[in-house]
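Breakdown of the fold
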Amino acid sequence: MSNAVVLQGVGRLGSAILEGWLLTGAIDPKDLVILTPSEKPAAEKARALGARINPPLEDLTQAKAFVIGVKPAKWAEASKAVLPHLNKDAVIVSVMAGVPEATISEGFEGRKVVRVMPTTGVAHGKGVASLWSSDKAAFDLGLKLFEPIAETAILESEDLMHAATAVSGCGPAYFFAFTRALAEAGIAEGLPQDVAIKLARATLRSAASGVSGSETLDALIDRVASPGGVTAAGLVVLNENGALDRPVKGAVKAAVEKSTELSA
Ligand SMILES: NC(=O)c1ccc[n+]([C@@H]2O[C@H](COP(=O)([O-])OP(=O)(O)OC[C@H]3O[C@@H](n4cnc5c(N)ncnc54)[C@H](OP(=O)(O)O)[C@@H]3O)[C@@H](O)[C@H]2O)c1
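This write-up is about the structure you can find in this document. Since this is a predicted model, take the numbers as computed values, not measurements. (Residues numbered from 1 in each chain as written. Predicted model: local features only at pLDDT ≥ 70, side-chain atom pairs only at ≥ 80, totals over all residues. Heavy atoms only, no water.)

Quick notes on the site of the ligand
In plain terms, the rule: It suffices for a single heavy atom of a residue to lie within 4 Å of a molecule or strand for the residue to be listed as near it. Here a polar contact is recorded for every N or O atom pair within 3.5 Å, except that within protein the pair must consist of a potential hydrogen donor and a potential acceptor, and residues adjacent in sequence are included only if both atoms are side-chain atoms. For accessible areas, the Shrake-Rupley method is used with a probe of radius 1.4 Å. Any residue's cover is judged against the shown protein chains and nothing else. We count a stretch as a helix when DSSP gives it H or I for four or more residues in a row; a strand needs E for two or more, and each element gets its number in order from the N terminus. Lys, Arg, Asp and Glu make up the charged group, whereas Ala, Val, Leu, Ile, Met, Phe, Trp, Tyr, Cys and Pro make up the nonpolar group; the residues left over, Gly among them, are polar.
Close to the ligand lie 21 residues; R12, L13, S38, K40 and V70 are nearest. L13 is positioned with one of its backbone polar atoms (N or O) 2.8 Å from an oxygen atom of the ligand. Bound to the protein, the ligand loses 74% of the 890 Å² it would expose on its own. Only α1 (12–24) and β6 (113–118) provide two or more residues apiece to the shell around the ligand. Looking at the shell around the ligand, its residues break down into 12 nonpolar, 6 polar and 3 charged.

Side note on helix α5 (residues 136–146)
Applied cut-off: Relative accessibility under 20% of the residue-type maximum defines a buried residue, over 50% an exposed one, and the middle range a partly exposed one, all with a 1.4 Å probe and only protein chains included.
Listed as buried for α5 are A138, F139, L141, G142, L143, L145 and F146. Two or three places before A137, at the opening of α5, D135 has a side-chain oxygen 3.0 Å from that residue's backbone nitrogen.

Focus on the packing of aromatic side chains
Two aromatic rings, taken as a pair, are described by how far apart their centres are and by the angle between their planes. Condition: Two rings from Phe, Tyr or Trp (for Trp, the six-membered ring) form a pair when their centres are within 6.5 Å of each other. A pair whose planes differ by under 30 degrees is stacked, one over 60 is edge-to-face, and the rest are tilted.
This model, assessed by the stated rule, comprises 3 aromatic pairs. The interplanar angle of 50° and the centroid separation of 5.6 Å between the aromatic rings of F66 and F108 together place this pair among those described as tilted. With a gap of 42 residues between them, F66 in strand β4 (residues 65–68) and F108 in the loop between α4 (101–107) and β6 connect regions that are remote in the sequence. The exposure classification of F66 matches that of F108, with both residues buried. Between W75 and F108, the ring centres sit 6.0 Å apart and the planes meet at 15°, which makes this aromatic pair stacked. With a gap of 33 residues between them, W75 in helix α3 (residues 75–82) and F108 in the loop between α4 and β6 connect regions that are remote in the sequence. F108 shares its class with W75; the two are buried.

Digging into the sheet that holds strand β1 (residues 5–8)
Filter applied, for reference: Only when DSSP finds a minimum of two bridges between them are two strands counted as paired. Working rule for contacts: check all heavy atoms of both residues, and any pair within 4.5 Å makes them a contact. Between the N-to-C directions of two axes lies an angle of 0 to 180 degrees, each axis being a line fitted to C-alpha atoms and, for a helix, fitted only over the stretch in contact.
With respect to topology, 8 strands assemble into an open sheet ordered β3-β2-β1-β4-β5-β6-β7-β8, the strand pairing being mixed. Across the chains shown, the open sheet's two edge strands, defined by having one partner strand only, are β3 (52–53) and β8 (150–154). Bridge count between strand β2 (residues 32–35) and β3: 2 bridges; the pairing is parallel. Each residue of the ladder has a partner; that of I34, found in β3, is I53. On the sheet, α1 packs against β1, β2, β4 and β6 and is oriented at approximately 165° with respect to β2.

Examining the packing of helix α6 (residues 160–169) against helix α11 (residues 245–263)
What counts is decided by this rule: Small angles under 35 degrees read as roughly parallel and large ones over 145 as roughly antiparallel, with 65 to 115 read as roughly perpendicular and the rest as oblique. Two helices crossing with the near one rotated counterclockwise from the far one by less than a right angle form a left-handed crossing, whereas a clockwise rotation gives a right-handed crossing.
Contact geometry for α6 and α11: axes closest at 8 Å, N-to-C directions at 130°. On the basis of their axis angle, the class for α6 and α11 is oblique. Relative to α11, the crossing made by α6 is right-handed. Taken together, the residues of α11 that come into contact with α6 (itself represented by H162, A163, A166 and V167) are V252, A255, V256, S259, T260 and S263.

Quick notes on the pairing of β6
With 6 of 6 residues buried, β6 lies mostly within the body of the structure. Relative to β6, strand β5 (residues 91–94) runs parallel, the two being bridged by 3 bridges. What sits directly across from I92, in β6, is V113. Two elements, β6 and strand β7 (residues 127–132), share 4 bridges in a ladder whose sense is antiparallel. Residue pairing for β7: R115 is matched across the bridge by W132.

Regarding the packing of α6 against helix α7 (residues 171–188)
Angle between the axes and distance between the axes: these two values describe a pair of packed helices. For the pair α6 and α7, interaxial distance at closest approach is 5 Å and the crossing angle is 35°. Contact residues: α6 offers A166, V167, S168 and G169, while α7 offers G171, P172 and Y174. Grouping the constituent residues of the contact of α6 with α7 by class yields 4 nonpolar, 3 polar and no charged.

Looking at α3
Filter applied, for reference: The directions considered for the arc run from the helix axis to the C-beta atoms.
Among the residues of α3, W75, S79 and V82 are the ones counted as buried. With its buried residues spanning 55° around the axis, α3 presents them on a single face. Relative to its buried face, α3 has exposed residues pointing more than 90 degrees away, namely E77 and K80. Buried residues belonging to α3 abut β1, β2, β4 and α4.

Re the side chain of R115
Secondary-structure assignment places R115 in strand β6. By relative accessible area, which is 5% here, R115 ends up buried. Only 3.3 Å separates the side chain of R115 from the backbone oxygen of V99, close enough to count as a polar contact. Separated by 2.9 Å, the side chains of R115 and E158 make a polar contact.

See the structure below:
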């Protein structure tokens, strides 16, 4: 088998993965085969660097990895045409939310599967990706494809994919919702709307840049909140009787339940 990696679907996530690979040089563009029904900027960028877009399906026979980047409702249909041309040893890399490994493997006639749940931050080489596979070789290949573009988390069971999705997949929206609430709280205290929004957004960016080191989250909080100080006064309210923990746990639980329901 060659080193060819096939990417089927260049939508929001597929484009982000492709951009991340091109940015980091994780995959030689000449080893990339892209399947897309419509022209996409990321695919065109890859084409200019030597990737093949919608080549004859016979070209897939040497692929070592087949990355499914289509919607869960589309993969069964989308795989039909390619299946007869895929190498038996090709590993199926699924980034689809909710579709179990066993279902995908059955659809791909028993081929090995690795499930990956990445965020679109992979486009800048700064995503987060949770991985799970029952097969070590498939898992290692998934790791090789995503480690250059994401911080990776290894899951011990497939069931944990729901919780991983709820935390890292949905998490950015929760941080944005908190940032909006912070801006609204600033407005309530008299800041002009544009200033409050600017401050809240910039604070999110600034806080995120501080989280990249090895300090614990408690240490990061302590760095801002000196005892008896202004931040500490606010934290008392956030921590009172689980005031912050309760809605966050509720949101993650609801997301896990929805993810579980969608995969049934
Ligand atoms: N978006 C995220 O943040 C995210 C995060 C984690 C996981 N996921 C998973 O990633 C997958 C894609 O999600 P998305 O948000 O990127 O969806 P999307 O933007 O709708 O992209 C899906 C892409 O699949 C393409 N497609 C449809 N049929 C195809 C076929 N037969 N062959 C090749 N390509 C085909 C579509 O092409 P056209 O545009 O030409 O119709 C579309 O660009 C889903 O399974 C989702 O669960 C997404």
